[in-house]
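The chain contents come next:
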Amino acid sequence: MRKPRDFDAELKSLEDKARILKDRKVRQLGELVIATGADALDIDTLAGGLLDLADAGNAARKEGWRKRGAGFFRGGKDGAPASAGGEQ
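Below you will find a few notes about this structure. The residue count restarts for each chain, going from 1 along the sequence in the order it is written. Selection of residues for local features in this predicted model requires a pLDDT of at least 70, selection of side-chain atom pairs for listing and counting requires 80 or more, and totals for whole chains, interfaces and linings are taken over all residues. Working from all heavy atoms in the structure, the side-chain values ignore hydrogens and water.

### A short note on the pattern of salt bridges
Side chains carrying opposite charge are able to pair once their charged atoms draw close together.
Consideration 1: Whenever a carboxyl oxygen of Asp or Glu lies within 4 Å of a side-chain nitrogen of Lys or Arg, that contact is scored as a salt bridge. Using the criterion set out here, one finds five salt bridges in the structure.
Consideration 2: Among the ionic pairs, K12 bridges to D16, the shortest N-O distance being 3.5 Å. Linking K12 with D16, this pair stays in helix α1 (residues 7-36), spanning four residues, or about one helical turn.
Consideration 3: Each residue gets one of three labels from its accessible area relative to the maximum for its type: buried under 20%, exposed over 50%, partly exposed in between, using a 1.4 Å probe on protein chains only. When its relative accessible area of 25% is taken as the criterion, D16 is described as partly exposed. Secondary structure elements are defined from DSSP: runs of H or I of at least 4 residues count as helices, runs of E of at least 2 residues count as strands, and each element is numbered from the N terminus.

What follows is the structure, encoded as structure tokens:
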């Protein structure tokens, strides 16, 4: 006879894993804000910039931001936090 599955325990385990991943994501986003120097901006400016980025429909503009971000993570000059608003 097979042992019955404990769905409640499995669900709790999955919820715990999801919570841990969400907490890690929030922590990493905070670390990114600090690493780029964007923590010097007031919250309204930072939120406005992120909303502009999320709403940007121009693929070439997004690709430029992507390349600059990749340069930042590689430690190159292209990703230096000279302006938190990005190339516009």
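Still more to cover.
### Looking at helix α3 (residues 59-74)
Consideration 1: Multiplying 1.5 Å by the residue count of a helix minus one yields the expected span of that helix. Between its first and last C-alpha, α3 extends 22 Å over 16 residues, near the 22 Å set by a 1.5 Å rise per residue.
Consideration 2: Taken together, the buried positions of α3 are W65, R68 and G71. Projected onto a plane normal to the axis of α3, the buried residues spread over an arc of 120 degrees and lie on a single side. Of the exposed residues in α3, the ones pointing more than 90 degrees away from its buried face are A59, K67, F73 and R74.
Consideration 3: The secondary structure elements touched by the buried residues of α3 are α2 (43-55). The reported arc concerns the directions from the helix axis to the C-beta atoms and nothing else. Contact between two residues is taken to exist if any of their heavy atoms lie within 4.5 Å; hydrogens are not considered.

The values are spatial; any link to function lies outside them.
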